[in-house]
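A structural walkthrough
Chain residues, written in single-letter form:
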Amino acid sequence: MWFFARDPIRDFPFESVAPQEPPLQPGGPWQLHRGKRKATGEPVSLFVYDVKPNSEEQTQLAKAAFKHLKTLRHPNILSYIDGLETEKCLHVVTEPVVPLRAYLESRGEVKGLSDLEISWGLHQIVKALSFLVNDCHLIHNNVCAAAVFVDRAGEWKLGGLDYMCSAVGESAVPRKGVPELEKYDPPELTENSKAIGEKWSADMWRLGCLIWEVFNGPLLRSSSLRSLGKIPKSLVPHYCELVGANPKLRPNPAKFLQNCCGPGGFMDNHFVETNLFLEEIQIKEPAERQKFFQELNTHLDTFPEDFCRHKVLPQLLTAFEFSNAGAVILTPLFKVGKFLNSQEYQQKIIPVIVKMFSSPDRAMRIRLLQQMEQFIQYLNEPTVNTQIFPHVVHGFLDTNPAIREQTVKSMLLLAPKLSENNLNVELMKHFARLQARDDQGPIRCNTTVCLGKIGPYLNANTRKNVLISAFTRATKDPFAPSRAAGVLGFSATHNYFSMSDCAFKILPVLCTLTMDPEKTVRDQAFKAIRSFLTKLETISEDPSQLAELEKDVHAASASPGAGAAASWAGWAVTGVSSLTSKLIRTNVGAAQGAENTPEGTPASTTSEAPKPGTGQPPASEVAAPPSSNQWDQWELEEDVTEDSLADRWDDEDWGSLEQEAKQPKRPGSSEDWNSPGWQEPAVAAAKKSGVKTVSLCLGPIPVDTNSSGTPIFTF
């Protein structure tokens, strides 16, 4: 019965969430609303037509538009989602869009649309017209700015299908009855004209009107088309073909597209090429996709932000999920990630990063470690400790020195987020092994520096048991920069040592370094000795200051945010071609060169193993660190070489991390900070074979003095 009938609008799964937009065109039948799906809140656009009395002709046009939009499916035509037809109204649900005119006005308030954006937008509209005319044999009959819409990615969509008609036979052209639309009609449609053109001639004239409006604003009269205004020179010849008086000379949409995309044409640019590739990316060969993603990074800075977020990002995520794109997508992925807010980053990027860390691909792992500074702030502590750190620590045992080096550097960013056990137990085991047994001097040096930097995050018990033993071991390293790093480690963490430890454990170690063969090490040792003596003298003069000077000895570990970690990480988060990696390669080249050196000809520099029975490391004739004591100079050198070497990383075969399980473990890997002696397998082997090696590492940490002359140590 009629009183049990349900309201179809109330049961419709979509609803309007905002007042209607301004009319799409003066006198037009449709009103555009922003809407959403009731169940999920998914944003949509809602086109509403209210049936009015004595408007049968307009109602039939609205129903025809409803039918055409529902049956026509094309990437450049407004995407239909759902619809509702009743006696009182028509509702059409589409993807969320805004009218082109409103989009141009909003962008004009900022900086306007670039020629790249307009070229791709026009490309899409012309492609839609070509589909209608050549494939469907339909004439749009209403091409104008009011019939074009823009989605979230900045893609242009053709709508306004109210006056569409067949291009086959003698079908009647729907009468518009809207005076404001008459200015878009071509001259041959006037009563006095007898010129007959092709089936696409009228739509191509209207396309010329659309081009004029995009560059010059609303078209008031058709005579204004003669004035080019701001239309780019590369588009002028093709525009003139569209608005020519002879309808037979107007090109087919497909031919117009071909002309504009030709060499030097308005649509001949990397933005259009990128979009065309993305449309066909699923059928491209893997090698083509790899090359595309490598080149994409260089163009992203010139692309619109909305395009990067809503079109490039989904393709990058899809390529990772289904195409095994690997590490090549990381750089563009992180660059696009800068456009996301924190919530979007957590939802879209972080799950991909977590999954990437579990990959055995070495190239992907090293890229992740290099670029950790870009996403560390979005990682929460549970994710770091349970899903990332367990995979990262495998890098400490990797046979590839570059992986071990980047793993050490990444700890500067991960340390503030590590749990008590991971930081004070697990990480310290790996650091002890690296510092005592790693065959690369630069990596041992960086391990010591990293330990000094993360000292504030260690708990009091770990600081007491680890720091003095670790820095003391570093001072006995045959690699001179490692010895300097040990001295500077004492200086950087001086506030965590009790006065008795300073007197009985630290000063005796530093005093032995005053006879070090390297002047840089001796200079740092003297500065550190003076600093510790100053503290002891202060206590001797005024014992009441003991509590103040030892206030940090038993202090709890610090817990700064990730932003702070990124600021003090310094050199440890530079690019792939870091100095240590470069030096590791240099060492290999030096060893090969030494093999070809005639017998009896000494190499320029050497690194000798420690002599048995001596407490002091032997003279190590290594390439001297720079005269300046600023770490920033080393960071500068890394930046200079990074661009020149970065492209080589994708060309190298890094292998798989899974292979590590098959590799024999290094003998005697110590996890005890107090283990006696230090052995350098590579140096010993080189000495035995007569090959001399070249070693170098990051420079010393600066030691300044304040106005009162008291040393201030920076690490």
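Each remark here, short or long, concerns the structure printed above.
Residues numbered from 1 in each chain as written. Predicted model: local features only at pLDDT ≥ 70, side-chain atom pairs only at ≥ 80, totals over all residues. Heavy atoms only, no water.

Side chains Val-148 and Val-150 project from strand 8 (residues 148-151) onto one buried face, and the interleaved Phe-149 and Asp-151 project onto a second face that is buried too. For strand 6 (residues 97-99) and strand 8, the ladder comprises 3 bridges, and the chain directions are antiparallel. Among the inter-strand pairings, Val-97 is bridged to a residue of strand 8, identified as Asp-151. In this sheet, strand 9 (residues 156-158) lies alongside strand 8 in antiparallel orientation, the contact comprising 3 bridges. Bridge pairing in strand 9 places Val-150 opposite Trp-156. Hairpin geometry of strand 8 and strand 9 is characterised by an intervening segment of 4 residues between the two adjacent antiparallel strands and by a positive phi of about 85 degrees at Gly-154. (Buried < 20%, exposed > 50% of the residue type's maximum accessible area, 1.4 Å probe, protein only. Helix = DSSP H or I, 4+ residues; strand = E, 2+ residues; numbered from the N terminus. Pairing = 2+ DSSP bridges.)

Read across the sheet, 5 strands follow the order 1-2-3-5-4 without closing on themselves; strand pairing throughout is antiparallel. Each of the sheet's edge strands pairs with one partner strand only, and the pair in question is strand 1 (14-16) and strand 4 (80-85). The mean angle between the axes of side-by-side strands here comes to 30 degrees, regardless of whether they run parallel or antiparallel. Where strand 4 meets strand 5 (residues 89-94), 5 bridges bridge the pair, whose relative direction is antiparallel. (Axes fitted to C-alpha atoms, helices over the stretch in contact; angles between N-to-C directions.)

Next up on the list: unusual backbone geometry. The backbone phi angle of His-137 is positive, close to 55 degrees, even though this residue is not glycine. Structurally, His-137 can be placed in the loop between helix 4 (115-135) and strand 7 (138-139). Looking at His-137, the relative accessible area reads 34%, which means it is partly exposed. In this structure, Asn-141 takes a positive phi of about 70 degrees despite not being glycine. Mapped onto the elements of the fold, Asn-141 is located in the loop between strand 7 and strand 8.

Think of an α-helix as 3.6 residues a turn; residues three or four steps apart then line up on the same face. For helix 5 (residues 201-216), built from 16 residues, the straight-helix expectation of 22 Å at 1.5 Å per residue is met to within 8% by its first-to-last C-alpha distance of 23 Å. Summarising burial for helix 5: 15 of the 16 residues are buried, a large majority. At the C-terminal side of helix 5, Gly-217 shows a positive phi close to 95 degrees. (Expected span 1.5 Å × (residues − 1).)

Time to look at the packing of aromatic side chains. Two aromatic rings, taken as a pair, are described by how far apart their centres are and by the angle between their planes. All told, the structure shown has 16 aromatic pairs when counted by the stated rule. On the numbers, 6.1 Å between centres and 70 degrees between planes, the contact of Phe-215 with Phe-266 is edge-to-face. Here Phe-266 lies in the loop between helix 7 (253-260) and helix 8 (270-279) and Phe-215 lies in helix 5, a separation of 51 residues in the sequence. For the residue pair Phe-215 and Phe-266, the accessibility class agrees, reading buried in each case. Ring plane angle 65 degrees and centroid distance 6.2 Å describe the contact between Phe-490 and Phe-497, whose orientation is recorded as edge-to-face. Members of the aromatic cluster, each reached through a chain of ring pairs, are Phe-271, Phe-303 and Phe-307. (Phe/Tyr/Trp six-rings, centres within 6.5 Å; stacked < 30°, edge-to-face > 60°.)

This next bit is on the side chain of Asp-151. Tracing the chain through its elements places Asp-151 in strand 8. No salt bridge is formed by the buried Asp-151, whose closest oppositely charged neighbour, Lys-157, lies at an N-O distance of 4.2 Å. Among the polar contacts listed, one links the side chain of Asp-151 to the backbone nitrogen of Ala-153, at a separation of 3.1 Å. A polar contact is formed between the side chain of Asp-151 and the backbone nitrogen of Glu-155, at a distance of 2.8 Å. With residues near it in sequence (within four places) discarded, Asp-151 still touches Glu-95, Pro-96, Val-97 and Lys-157. (Lys, Arg positive; Asp, Glu negative; His and termini not counted. Salt bridge = Lys/Arg side-chain N within 4 Å of Asp/Glu carboxyl O. Polar contact = N/O pair within 3.5 Å; in protein donor to acceptor, adjacent residues only side chain to side chain. Contact = heavy atoms within 4.5 Å.)

A few words now on the sheet that holds strand 8. A sheet is described by the order of its strands in space; here 3 strands give the open sequence 6-8-9, paired in antiparallel fashion. A strand with exactly one partner marks an edge of an open sheet, and here the two such strands are strand 6 and strand 9. Strand-to-strand, the axes of this sheet are offset by a mean angle of 40 degrees, without reference to chain direction.

Here we come to the nonpolar core. Counting residues in each nonpolar core, the largest one holds 158 residues, and the members touching the most others are Leu-207, Ile-211, Phe-293, Leu-427 and Ile-454. The element contributing the most residues to this core is helix 4, with 10 residues. Grouped together as the second largest cluster of nonpolar side chains are 7 residues, Phe-14, Val-44, Leu-46 and Val-48 included. (Core = buried A, V, L, I, M, F, W, Y, C linked by side-chain atoms within 4.5 Å.)

So, on to the pattern of salt bridges. For the coordinates displayed, the defined rule picks out 21 salt bridges. The closest approach of N and O atoms between Arg-206 and Asp-185, which form a salt bridge, is 3.1 Å. Of the two residues, Arg-206 sits in helix 5 while Asp-185 sits in the loop between strand 10 (165-166) and helix 5, which places them 21 residues apart along the sequence. A relative accessible area of 1% means that Arg-206 is categorised as buried. Of the charged contacts, one joins Asp-501 and Lys-505 as a salt bridge, the two residues approaching to 3.8 Å between their closest N and O atoms. Highlighted residues: Asp-501 and Lys-505, both in helix 21 (residues 499-512), separated by 4 residues, approximately one helical turn. The network of salt bridges with shared partners includes Asp-185, Asp-203 and Arg-206.

So far we have only geometry, and geometry alone does not tell us how the molecule works.
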